[in-house]
Amino acid sequence: MLKRKKIFFISIFISSLLFSNEVTKLEEIIVNANKMEEDIQDVPQSISIITREDIEQKGIKNIKDIIKEIPNMEINNLNQASFRGLNPSVFTDNNPIVIYVDGIPYYSSRDFNPSLANVEQVEVLRGPQGTIYGKDAIGGVINIITKEPENEWTGSVGAEYGNDNYIQTRVNTSGALIDNKLYAGINGSFQADDGWIINHNPNAKKDANNEKDRKTSGFLLWKPTHNLSAKLTVSDNYNKSYSDSILVDGSKNINDLKRKDIKNIDYDLDSLRKVEEQAQALNISYDWEKVKFESITTHKKSDADDLSDLDPLVHDNSNLFSHAKMKTFTQEFKLSSKNQDIKWVTGLFFDKEEKDVNMGMGMPLATYNLSIPSFSDSETYAIFGQTMIPLGNSFELTLGGRYQKIKKEIDLKADAYMSGMQIMNHTYKDEKTWNSFLPKVALTYKINDNLSTYASFSKGYLPGGFNINSMAGGTYENKFNPQKSTNYEIGAKYIGDSFALNAAIFRMNIEDTHILIKPNPVSALTGNAKKSHSKGIELDGIYFISDNLTISGSIGMIQAEYDDYNKGTDGNFNGKRIENTPKYTANLGISYLSYKGVYGRIDFNAKGKTNYMDSANKKLVESDGTIITNLKVGYKVGSFDIYAFATNITNENHVERLLSTTTTHYYADLNDPRRYGLGMIYKF
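Each chain has its residues counted from 1, following the order in which its sequence is written. Reporting in this predicted model follows two pLDDT cut-offs: at least 70 for local features of residues, and 80 or more for side-chain atom pairs to be given and counted; totals over whole chains, interfaces and linings ignore these cut-offs and use all residues. No hydrogens and no water enter the side-chain calculation; it runs on all heavy atoms of the structure.

What to know about the overall build of the protein
- Labels follow the DSSP assignment, with helices taken as runs of H or I lasting at least four residues and strands as runs of E lasting at least two, numbered in each case from the N terminus. Along its length, the protein carries 5 helices and 40 strands.
- C-alpha atoms define the radius of gyration in this analysis, and the globule rule sets the expected value at 2.2 Å times the number of residues to the power 0.38. Its C-alpha atoms give the protein a radius of gyration of 25 Å, near enough to 26 Å, the size a compact globule of 684 residues would have.
- Projected onto its principal axes, the C-alpha positions of the protein cover 75 × 55 × 55 Å.
- In this scheme, a residue with accessible area under 20% of its type's maximum is buried, one over 50% is exposed, and one in between is partly exposed, where area comes from a 1.4 Å probe on protein chains only. With 684 residues in all, the protein has 55% of them scored as buried.
- We call two residues in contact whenever any of their non-hydrogen atoms come within 4.5 Å of each other. By sequence separation, contacts in the protein at least 24 residues apart represent 66% of the contacts at least 6 residues apart.

Written out as structure tokens, the structure reads:
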């Protein structure tokens, strides 16, 4: 049945792009992908564009909603992103995708969800981006550009309410304190819901997977002259979420899991994650006639507390805990060309990160306690640059490179006590420096004003690191190497009068893929799969059927496999599909837009079968694919937008994350259930 749905979905998408009528003239699409404004057709890589109008019409509220729009990109409920067979690196706390908000990087899963309250445009760049962005990204970049303030104060206020006591409120406003000189803005959002899992244990919270999320941010923008500007941004974010993970019988097929079967639980401890984060950023830029200088300084501090039930089947208050404090400082200096035939960008980047983590477990009835405090320090120094050289009227050559030095240190001590007697005392100190050079070469051929093609070669890099919960061994057991990728891509972009299409074919060879295996609730084995690869096709496009009716969509099909990953007695995964990578992802949206009166849209999001690691049983297990349907209908009158929405209308079930800890049970996270409600936006 799913196969027939998939074929039907693809046929609709392709036919909508091939059989177009010239109704609406598409304007030139300008992006900042290469750190300078240019036509999207001149950029030699795959780029997906999401506008402010798209965000409003589709009801996009967070990064997870954006990622659903991108072919071959996936994210779970812990904000761990995967792309083209590249997975997050747990012990380096790096996602293969880096988010930039006005040049400020977000890469940790703990803060991988910045506010979208004041977004003008989102550009998703696929492939390694180390030659133009300060913070290296092995998989790609989500570049978020916020709206520039004007002299007149403008803004919006919105609210939504739905089932499971879901509520979201948001406010955004900006304007001039001194016309043409000093601007200010503030935005914030609050979201909460009770969740769908009920805990019947009297010692635990009834709403077992409820969530509260608050984001606040403000800025001051000073423009003393036409050339000089300085922007100070501060933010304060808070998230408290109770786990969606449910302990499931290991003999049960994960595709048979239904919410109705696991909605009611009896766990004696709440499983939660609480994250508090404060950040400050200063962006200073100066424009000359031919050159632009930019300095971006950021400082972040976050506190994260995790607590989970060690064994939900036994009511003994046994728990797993983690307390993590992290401080990050980054500095980027960048020069880029303006009004020049040869375009270029170059820069310096420095990153310092300090982590103070204490993780362990407690078993009160067994009088057992394990604590693993560790302090780790990381420093990155990088110089990067890229140039785009015209070769006649039709060709453009792109050359880029990045040289970086990464130094890491760890100081760890693990202690275990039984009945007050120490039964384990393990220390681990280590340091390592990695140097790397990452080249990029691309050639663009502009066939005509509507169609351009490109071919590119680039290398990507994800830093190595150390096991931060080591309980035995030394460097050999606890250090893992950097993950490296070699990327080849061929693509084409067409922008016509009424439709646009972006197509790409890629191949990626991966060395030392970061792997995490958890044979039990406490231990974690980290290492490298020697060789892997991924290859696939990506298509995305939009077609204006009429001035009001639009159809858009994307599809990504991928084959991602381990080539050399043999762990001996822990499992042989050679030739197996890389975990967390669906065989395909796709979306289709049909919208009727109107500046006033009735409007509506329906969206379909699909993904194919996906592998997850069952570490305890030393195998990969496969979840079925699914198609999620979302609907939004509204009415615009004056400055008001009133609408009704429904997500996952058919209440589809599928596994989004799986973690095995014993041979008899595993933890599984299901996707969000059906949600419906009403919303309103007022713009002023």
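Quick word on the packing of aromatic side chains
- We call Phe, Tyr and Trp rings a pair once their centres come within 6.5 Å, taking the six-membered ring for Trp, and we label the pair stacked below 30 degrees between planes, edge-to-face above 60, and tilted otherwise. Under the counting rule described, the total for this entry stands at 15 aromatic pairs.
- Ring centres of Y166 and F645 lie 6.2 Å apart, and the angle between their planes is 80 degrees; on these two criteria the pair is classed as edge-to-face. Taken together, the residues span a long stretch of sequence, with Y166 in strand β11 (residues 166-178) and F645 in strand β37 (residues 640-647) at a distance of 479 residues. One exposure class covers both Y166 and F645, and it is buried.

Some remarks on the environment of M557
- Position of M557 among the secondary structure elements: in strand β31 (residues 549-564).
- The exposure class assigned to M557 is partly exposed, which follows from its relative accessible area of 33%.
- Spatially, the C-alpha atoms of M557 and Y584 are 4.3 Å apart, while their sequence positions differ by 27 residues.
- Discounting chain neighbours no more than four positions away, the residues touching M557 are N72, K535, G536, I537, K583 and Y584.

Section: the side chain of T398
- Mapped onto the fold, T398 is located in strand β23 (residues 395-418).
- Residues in contact with T398, not counting those within four places in the same chain, are P44, Q386, T387, M388, K440, V441 and A442.

Side note on the environment of V119
- Secondary-structure assignment places V119 in strand β8 (residues 119-126).
- Of the residues examined, V119 reaches a relative accessible area of 5% and is grouped as buried.
- It is 26 Å that separates the C-alpha atoms of V119 and T346, two residues lying 227 residues apart in sequence.
- Those residues in contact with V119 that sit more than four places away from it in its chain are R52, I55, I144, I145, T146 and K147.

Structural notes on the sheet that holds strand β7 (residues 104-106)
- At least two bridges found by DSSP between two strands is the condition for calling them paired. Reading across the sheet, the 5 strands line up as β3-β8-β9-β6-β7 and stay open at both edges, with mixed pairing between neighbours. In the strand order of this sheet, the two ends are held by β3 (47-51) and β7, each with one partner. In this sheet, neighbouring strand axes are inclined to one another by 20 degrees on average, regardless of whether the strands run parallel or antiparallel.
- Pairing geometry for strand β6 (residues 97-101) and β7, over 3 bridges, is antiparallel. The residue of β7 that forms the bridge with V101 is I104. Fitted lines through C-alpha atoms give the axes, limited to the stretch in contact for helices. The angle between two N-to-C directions lies from 0 to 180 degrees.

A word on the pattern of salt bridges
- When a carboxyl oxygen of Asp or Glu is within 4 Å of a side-chain nitrogen of Lys or Arg, the pair counts as a salt bridge. For the structure shown, the criterion picks out 31 salt bridges.
- The closest approach of N and O atoms between K352 and E354, which form a salt bridge, is 3.9 Å.
- Overall, E354 belongs to the partly exposed group, its relative accessible area being 28%.
- Across the salt bridge formed by K407 and E409, the nearest N and O atoms sit 3.7 Å from each other.
- Residue class for K407 comes out partly exposed when judged on its relative accessible area of 32%.
- A relative accessible area of 32% places E409 in the partly exposed class.
- Each of R84, R126, E489, E538 and D540 takes part in salt bridges that share partners, so that together they form one network.

Describing the sheet that holds strand β39 (residues 665-670)
- One open sheet accounts for 3 strands, arranged β16-β39-β38; its pairing is antiparallel. One side of each edge strand has no neighbouring strand; the edge strands of this open sheet are β16 (246-249) and β38 (655-660). Neighbour-to-neighbour, the strand axes of this sheet turn through a mean angle of 35 degrees, independent of strand direction.
- Here 5 bridges tie β38 to β39, and the two strands are oriented antiparallel to one another. When the bridges of β39 are listed, V655 appears paired with L670.

Quick word on the pairing of strand β40 (residues 675-683)
- In terms of strand pairing, strand β10 (residues 154-162) meets β40 through 7 bridges, oriented antiparallel. Each bridged residue has a counterpart across the sheet, and for V157 the counterpart in β40 is Y682.
- Where β37 and β40 come together, 8 bridges link them in antiparallel fashion. When the bridges of β40 are listed, A646 appears paired with Y676.

Details of unusual backbone geometry
- For K618, which is not a glycine, the phi torsion comes out positive at approximately 60 degrees.
- Assignment of secondary structure puts K618 in the loop between β34 (610-614) and β35 (619-623).
- Judged by relative accessible area, which is 40%, K618 ranks as partly exposed.
- For N648, which is not glycine, the phi torsion reads 50 degrees and is therefore positive.
- Relative to the helices and strands, N648 resides in the loop between β37 and β38.
- Residue class for N648 comes out buried when judged on its relative accessible area of 2%.

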